Structures are given as structure tokens and as C-alpha cells.
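Reading the structure
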Amino acid sequence: MRRPLTPNAIARVARALTTAALALSLCACAWPPQQVDNWHPPPPAAPAGRAAQPAEQPPLGRLPADVRPTRYKLALEVAPDRDRFSGTVEMAIELGRARDTIWMHAKDVAARKVTVQLEGQELVSGSLQQVTDGGVAAVRLPRAVGPGKATLVIEYEAPFGRLEGLYKVQSGGKPYLFTQLESVFARRMFPGFDEPAFKTPYDVTLVVPKGMPAIANTTQTARAPGPNGMDRVTFATTEPLPTYLLAIAVGDLDIVEAPPIAPNEARKRPLPFRGVAVKGRGKELAYALQHTPAILATLERYFGIEYPYDKLDIIAVPDKGGAMENAGAVTFGELLLLLDEKTAPVAQQRAYAYVMAHELAHQWFGDLVTMPWWDDIWLNEAFATWMGYKATAAWRPDLQADIRALEGVHEAMVTDSLLSARQIRQEVRDNGDILNAFDSITYKKGGGVLSMFERWVGAEAFRRGVQQYLAAHRHGSATADDFLGAVSKAAGKDVTTPFKSFLFQAGLPLVEARISCGAGKPRLELAQSRFLPLGSTGDPKRTWQIPVCARYPVGAEVKETCTLLAEEKAGVDLEGTACPGWVLPNADASGYYRWMLSVADTRKLAAAGWAKLGPRERTSFAESLRTGWSRGTLPAAELMPMLAPLADDPQPAVVAAAASVLDGVHDWLALEPAGAEVEAYGRKIFAKKYREVGWAAPQGKAEPPERRMLRKEVVSFMVTGARDAGARREAAARGKAYLGIGKDDAFHPEAVDPNLAEAALAALGETESATAFDALSARLDRTTDEVVRRRLLAGLGAPRDAATAARARTLTLDPRLRVIEALLPLGAQLAEPTTREAAWKYFVENVDAILARLSPARAAGVISVAAVFCDRARADEVERVLGPRWTQLEGGARNLAATLETIRICAARRDKQLAETRAWFTAGKPAGGAAPAPPGTKPATAKP
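Owing to the predicted nature of the structure, the values given are computational and were not obtained by experimental measurement. Numbers given to residues run from 1 along each chain, matching the order in which its sequence is written. Two thresholds apply to this predicted model, a pLDDT of at least 70 for residue-level local features and 80 or more for giving and counting side-chain atom pairs, whereas whole-chain, interface and lining totals are computed over all residues. Values shown for side chains rest on all heavy atoms present in the structure; no hydrogens or waters enter the calculation.

**Section: the sheet that holds strand S12 (residues 220–225)**
Whether parallel or antiparallel, the strands of a sheet pair through hydrogen bonds between backbone atoms. Test applied: Note on pairing: DSSP must find at least two bridges between two strands before they are called paired. The secondary structure listing takes helices from DSSP runs of H or I that are at least 4 residues long and strands from runs of E that are at least 2 residues long, numbered from the N terminus. All axes are obtained by fitting lines to C-alpha atoms, using only the stretch in contact for helices, and the reported angles, taken between N-to-C directions, cover 0 to 180 degrees.
On the basis of which strands lie adjacent, the open sheet formed by ten strands has the order S3-S6-S5-S4-S7-S2-S1-S10-S13-S12 and mixed pairing. Taken across any chain shown, the strands that pair with only one partner, and hence form the sheet edges, are strand S3 (99–105) and S12. When the angles between neighbouring strand axes are averaged without regard to direction, this sheet yields 20 degrees.

**Quick look at the packing of aromatic side chains**
Test applied: Centres within 6.5 Å are what make two rings of Phe, Tyr or Trp a pair, Trp counting through its six-membered ring; a difference in plane orientation under 30 degrees is then read as stacked, over 60 as edge-to-face, and the rest as tilted. Burial classes: relative accessible area under 20% of the type maximum marks a residue as buried, over 50% as exposed, and values in between as partly exposed (1.4 Å probe, protein chains only). Criterion for a charge above a ring: Arg CZ or Lys NZ at most 6 Å from the ring centre, at most 35 degrees from the ring normal.
Tallying each qualifying case throughout the model produces 40 aromatic pairs. Between Trp378 and Phe499, the ring centres sit 5.9 Å apart and the planes meet at 35 degrees, which makes this aromatic pair tilted. With a gap of 121 residues between them, Trp378 in helix H6 (residues 377–395) and Phe499 in helix H12 (residues 496–503) connect regions that are remote in the sequence. Residue Phe499 is classed as buried on the basis of its relative accessible area of 2%. The side chain of Arg594 reaches across the aromatic face of Phe531, ending 4.7 Å from its centre.

**Section: the packing of helix H19 (residues 725–739) against helix H20 (residues 757–767)**
Heads up, the rule is: Orientation is classified from the angle alone, with under 35 degrees giving roughly parallel, over 145 giving roughly antiparallel, 65 to 115 giving roughly perpendicular, and any other angle giving oblique. It only takes one pair of heavy atoms within 4.5 Å for two residues to be counted as in contact. Amino acids are sorted into nonpolar (Ala, Val, Leu, Ile, Met, Phe, Trp, Tyr, Cys and Pro), charged (Asp, Glu, Lys and Arg) and polar (every other residue, Gly among them).
At their nearest, the axes of H19 and H20 sit 7 Å apart, and the two run at 100 degrees to each other. Relative to H20, H19 is oriented roughly perpendicular. Contacts between H19 and H20 involve Arg728, Ala731, Ala732, Gly735, Lys736, Tyr738 and Leu739 from the former and Ala759, Ala760, Leu761, Ala763, Leu764, Glu766 and Thr767 from the latter. The class makeup of the residues in the contact of H19 with H20 is nine nonpolar, two polar and three charged.

**A word on helix H28 (residues 872–881)**
Note the threshold: Note: the arc covers the axis-to-C-beta directions of the helix.
Turning to H28, its buried residues number three or more, namely Arg874, Ala875 and Val878. Around the axis of H28, the buried residues are gathered within 105 degrees of arc, so they sit on the same side. Away from its buried face by more than 90 degrees, H28 exposes Ala873 and Arg880. The elements touched by buried residues of H28 are helix H25 (833–845), helix H29 (883–886) and helix H30 (892–922).

**So, the state of the cysteines**
Rules: Here, the term disulfide refers to a pair of cysteine sulfur atoms separated by no more than 2.5 Å.
Applying the stated rule across the entire model yields three disulfides. One disulfide in the model links Cys549 with Cys562; its S-S distance is 2.0 Å. Its torsion about the S-S bond being 110 degrees, the disulfide of Cys549 and Cys562 is classed as right-handed. Of this pair, Cys549 sits in strand S24 (residues 546–554) while Cys562 sits in strand S25 (residues 557–565); the two residues are 13 residues apart in sequence, bridging distant segments of the chain. The residue that forms a disulfide with Cys870 is Cys906, at a sulfur-sulfur distance of 2.0 Å. One quick way to see it: the torsion about the S-S bond of Cys870 and Cys906 is about -100 degrees, and its sign makes the bridge left-handed.

**A few points about the pairing of strand S4 (residues 110–118)**
Inspection of the sheet shows S4 paired to strand S7 (residues 148–159) by eight bridges, in the antiparallel sense. Pairing of Lys113 across the sheet is with Glu155, part of S7. Pairing of S4 with strand S5 (residues 123–130), which is carried by four bridges, proceeds in the antiparallel orientation. Along S5, the bridge assignment pairs Thr115 with Ser125. Here S4 folds back onto S5 in antiparallel fashion, the turn holding four residues, of which Gly120 has a positive phi close to 80 degrees.

**Describing the pattern of salt bridges**
Spelled out, the test is: In what follows, salt bridge is the name for a side-chain nitrogen of Lys or Arg lying within 4 Å of a carboxyl oxygen of Asp or Glu.
The tally for this structure, following the rule as stated, stands at 74 salt bridges. One salt bridge connects Asp601 with Lys604, and the closest N-O pair in it is separated by 3.8 Å. Here Lys604 and Asp601 lie together in helix H13 (residues 599–609), a separation of three residues that amounts to about one turn. Across the pair Arg885 and Asp848 runs a salt bridge, and its minimum N-O distance is 2.5 Å. Here Arg885, found in helix H29, pairs with Asp848, found in helix H26 (residues 847–852); they are 37 residues apart in sequence, far enough to count as distant. Arg885 gets classed as partly exposed once you look at its relative accessible area, which sits at 27%. On the basis of relative accessible area, Asp848 is assigned to the partly exposed category, the value being 33%. One connected set of salt bridges, linked through shared partners, spans Asp648, Lys688, Lys689, Glu692, Glu703, Arg707, Arg711 and Asp753.

**Details of the nonpolar core**
Using the following cut-off: Among the buried residues, those of types Ala, Val, Leu, Ile, Met, Phe, Trp, Tyr and Cys that are joined through side-chain atoms within 4.5 Å form a nonpolar core.
Phe303, Met640 and Phe686 are the most contacted members of the largest nonpolar core, which totals 246 residues. Sequence-distant contacts of Phe303, defined by excluding residues within four places in its chain, comprise Ala361, Trp364, Phe365, Phe383, Met387, Val466, Gln467 and Leu470. Membership of the second largest hydrophobic core comes to 42 residues, among which are Leu163, Ala249, Val847 and Val862.

Shown next as C-alpha cells:
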């Protein structure tokens, strides 16, 4: 959902940092780290005359099944200018047996009064105690109550959280209240049964300052004077929901009433629709309000089921990364909703479309039908990932959502190559396991596997299975078996068994293919194993049931042959009688596997088959080159020449793959003379495309998004990767003009293509850091626009001279930076080899303060910043210095293991390939100098 701060090499670290810090837009409590979630105080002493009973241990996973909530009434008194809030929660519950301890959830909640009343019996007063750091709580009663129906009432107060639970943020000098309750943070807002299986209706009442807007999941039904001069706002009863899908927003909000979304073939009623933003920014919702109805209609047509809730609010939240699918009140980071089509970069437009489709898909998959426990969160998130791209492609094919989906799959494959990778459906035992489940394996691998099996069974059969699954479990819970059973029934064949081969084992398949042309028909011989990068100590002997489709020429035509590869080795007959001149063993790049050909067959595919491959297939080919490089089977002498056609490709993802390979090699050689040769080779193979795309579209000519993204990839690489002198001068000049330096010190967005503004300011921040840093810093205080601020931070993170680089690092703890921004300058400094050591030292020395800015729920992922290193000694240092802390964090052990494994695998690859790579680049192969300026490019000046 997020784009990296700067292109290519910097993107690797920025992506790791933003994933760790922003994944659910959560932030921080203070260090020290969370304790192991197993402490609990002793129960109250037994009353006189009664023997003490053995203490019942608190549940660390699922709550006992013999207590079930059936309805909530939640009343909260909230005011954004306060530090705490108060509330009363009334729960209708069913007790399966008599209990004097009722296990539930509450975190940092101070209970004023607790009562339980069984139907037809007297009221019993008790107490509420939080018994674990993770929020398991016990209602203690003086005597056992039950079995039967009862009412549990708790009056309480609690502090506002920081980007989790019910939390407060500041924007434009005003405070606002929002919620983020997924995954285990509803317990911070109210005591309850904070598990996804417990779906009940909610009646919500908010007491808020007089006249202040208030929003919840459902439509407002009344507003009347309340206590202490405040207003009491009531809302319609919700459909059955789990706790994590509740939402409220309170503050001096702009609420923009849009026309109701018109009925369609699935929905016969007009749907109330609004956009919400902080004061003064409501007008910026126009783009999202205009286009969201079409995305919703696309989803309704696919599901054949009307949108399930009584209204739709889309809410732009400051200091939030990503989005949250709260039923009827979906929250988004401001970057995703507040945009101007005329000036927004393509990446922002694409992010809006995909994330909107993703979150709206959740209204069915996750909200209407919810997983009973977090081990099936993959089903929610993988499906929404897959459906988000599918719906975006249907709505705006020009945004190339199918290519972005494939890039996401390739990103997941990097994680899935590690021995520390988790399987898609992982056993969940505690809060750490829950938090770790929100990762690229769940989202991107899961989405890729769904896409593969949709192609295998057929799109229409798959759709019927989805519809049958949703209809059968409407407003309830369902499991992976329920879903796969529905798809199998609709497809008329067993989908469950092959799908589970991906669901229940970690790792990434590698399919090696070769054409056999003996006396009979030509055959494609296939072999599968677990993909393991060079340096991995894993066992490659593992099999999946993999749908494999291959494309190859038969005469003047290109044919496709498919099989289900279920054994370690198998073959399939190809059409025709002649031996094909080339083969692509992953048609349409639809398979979730890496593939390899022999070096000779790779050459044939590159030479004879390239023109026949579609954009996704060329992107997959580029990934196959990286596969060979990663395994050590494709040497530099073979790989580097193959990058030239990739760099000249019209597809941005293919060009980006070539740039990424060169970035990785340059990272190894940057601090020695061979690094300049890598840059020279980059200039040589990118020069033609750089001249072609230029710095701007021809005047008066509209360009498709693909072309604009191509320009971004090419120009950004020439500036930051190939370090072309002319491109860097042009970038810095345009950066000055954008900032109005030397003119009026005002923003001039027309001075640079919006897709190139980050590269321009990064170049300015590096080449003129001593003077540019202050100008960039001053302008950071003048804008709340997240896109503009990220551009400025690209420049602020770019300096390489020691003095200014030190200032850049300290921005990490600068209170002017929002939580979602704080790690970006440090990420840029860590990504650059010349500033890496100083940045790492700063990180280690300030880790306490850095983690204090982040939520303990997401702090564990920050260790991934160390993955920029590529030597065993540094891995040992990370393990020794930071390991003891990380193993105490929720989910920390898994994140630490993945980071250490990544460093050590990189070290093994470097040990094997560095010498021959250096030799290739220093043997005169890459000769090339500065690229000529693109035709028609006028040098920019400080005047926009």
C-alpha cells in the first residue's frame, strides 16, 4: 500500500522500515519491551469459612468456549481535549456452566463497578483485573454464577492510546479521536470478548462535546443534550460484528455528504455515502468521493451480494499508514484519500484505487464472513489482496494493477525463501503470533496462491465458489476448509488438496524446466524442489501440488500446455512435432513458484521468445534472472548482458528489475573503484530509454500511467543509481525550482513531473546538502500534505557529507515528524553505503528512544533495518547486541531470525560471486560515460 521513500537501493531499507512501523498504523508505548504474556496476580483470598479453590490459569490463546457474548451496549463519554475517557459496557452473555471467574479482555482499563446478573436472579458485584500484559482479564465474583443467560455490566475509564485502541492525534493544532482495533486493541477501548469468532450486534452511544461531529459504524439515529453540557449521540444497531471491526471518530471534522450510491443489479437501495477528513481538508476528498462508487459497484457485481451495511463512510486519518476495513466506517491514511488527480503521482492514484478496493472487498470477506480465529486471517487478507488488484484492474486497466500484484508476489517470494518464513495458515497461540500473521506471507503470498488456483479452476467457477461461501456463512464465521470446500464444489474437482500443499507448509517452490526432443513428441520435463538461496542450510526436498502452465512456439503460433505437478519430477507432452525454439514455464506469470531454465535455454528465451512475451511474463523472466543469481547458478558474465534489453523495455516493472540488480551489485562495490564501473554500465544500458522518456511528457500530449511510471523508474535510476552527472544536475535544478529557492521560497509543483519530485529533491539534498537541508526542513513545517512531506523527507534523508548526514539521522527523533515519517530519513541513510555505518551506530545508540515512538505491537519489525548488511560478522553483532531485547518483544524472535538469516545468506552469495562480479565490471565490459540529455530537455533553473 505504500511506496518507498526513494527509488531502487534506498527503497529496500525504506520498505523494511515502513512495513515495520506502519503496517497497521500503530505506534508506541515506551521502552522497556513487553514482558512475556504469562504473569497473573493471585486470585482474591477466599471469604471466611470457605476453602480456597485451585486458581484457574488465564488463557493465553483463545478464551474458554463456555462463555459467549450475544450483544453489547456500549456508551462512551469522549472529548478530544482530554487525556482519558469513560464508558459503560453492558454485555448479554451465555454461561455454559457455573463460574466465579469469567475470562475476557481488558487492557489498561480501570473498572469502577462490575456487576453480573443471571436471568431471574439477584445482582452480583465483582471486580475486573487485568492478569496479563497482553490484556487477558478476569471478572472475579464472590460466588459462582450460571449456567444460563446473564448480563455483565462494567463501568470504567481508560487513557487514550497512541494509534491503537481509541486514540488521539493532532492535526492543524486540533485534537481528534479515531480507532484502530485490529487485531487485539478493542480491549483498550472497552472490556469485552476480543476474539473474531464472537460476532454480535452493538448498540453504540457517544457523549461528545456540544455540536462536535461524531461517527460510528452505523447511521446516527438521534442527537440530544447530554450530561455536563455535552451531546448524547446514538447510532443504529449494527449487524453482527467482531470487536475489531468497531469504529468511532470524534472531532472538529469536515463531513462531506456525497450523493447516495445508486442502486444496481445487486443492490436495490441507494446507499448513504460520505467522506470525512480533519478540519479544512474535506475539499480534498473530491477524487475519492467521485470514484469510490464505481469500485464498490465492481465488487457488488463480482460477489452478487449487495454491500452488507447501512451506510459507507470513508475517513481520512492523520498519521496513519494503510487502512482498516471497519464495517461502514473505513479508515485510511490521508495519502490514500486526499489527492488531486491533476497533480497526484501515479503511485498515489494507484494506491488509492487498490487500497479502496482491498478495504471494500473486506466488507464481504472479513466483515460479512469473519474467520473464527486468527490462524485464518490469511483468508481475509489474502482474498482482499487478490480481489483488490482484480477490482482495480476491472475499474482502471491503465493502472496496471495486475503488474503491481505480480511485483507483490515477487516481494513475498523473498521472505518465503527464508527458513524462518512462516506458512500461510500458521498456528496462533498468543498475541505475538497474531501480530506476526500480518505480513507479506499472509497478504502477498496468499493472494498469489489464490490467483494461481483461480486460473487453474477457471475464473467463473472460482467466482461461483466465492459466492456460495459468502451466502452460506453470511454474518457468521467460517474457516479455510469452508472456503476451499465451496470452491471445490463449484469447480467440480478437488481444489482443497493441492491448495493445502501451499497453505500448510512454509517455503517457495522452484520449478526447473527443460525441453526434451527425442524420437517422439517434444516433452517438457519438470522438476520441483524447495527454492533455497545460496547459503541457505535448508533441505530442498519438498513437494507441492503446483498448477504449471508453459508457453512455447508451434510454427507461427504460441501454444499453452498445463499440468498439475504433484511429484518431484514429471513430464508433459507438448503440441506439434518439432522441438520448440523456446519455452516459458510460467504462462502469464500466474504460478506461485520460481522457475529456472538452463543457461542455454535462458538465452533462447531472451533472444527468440522475448517479443512473444506479455508484460507480466517479461516481469517474470526478469525475476527468473534474479533467481539464478540468488542461487549462484547464473554468473555475472551471463546475467549482466541480459540486463540491457530489460533496461530498454517499455514495462516499468521490467526496467525496475534491471535497476534493482545493478543496485544490489553496486552496494557490494560502492566503496571501491569497481563501484564507478557499475554506475557507468548502468548509464550505458539506460541511456537510450532515458533519452526517450525525458523529464516530462511532450507539451500538450496526454500520457498513460504506464508511460509516466516508466519515466519515474528510468530517471530515478539515472539520478540515484547510475549517478549520471547531467541527470543529477537537472534533478537538483528542478528540485530548487520546486521549492522556489532563490525566487519566492514557495512551492512550485509545476516545476517537476510529480512522479519525479522525490528524485529531484533527493538529488538536491545530496548534492547541495549544506544549503538545501535548511530550506527543506523549513518547508516541512509549512505543509500537512503527506505526499509533499515525503518528497521533502527524501531530500532531508539524502545528504552524504558527515555534518549534514548527522542532522538527517537526528530527524528520527524530531517531534515535527509524524510517527509514520520518523524512520524514513534513517532508512535513506542506512541504504547508502557511505553513510550506513554512522546510521547504524545512531540506531543502536538510540534504539530505546526510537522504539518509544512505535507501538510495542509493531516494534519487533524494526530489526529489519539491519538487513542492509551483508557480512557474517555484522549478523553476529546484531544477534549479540540486540538479540536479547528482541526476544522479549511480542513477535520479536521471528523478526530477529528472519533478519539474521537474510544477512547471512547475503554474505554467502557475496563470498561466492563478488570476485567474478568485480572482474566483469573491471575488465572493460561496461564502458560508458555520462548519458546525453534527452532530446528537447531544457535545463531547469531556479525559476519554475
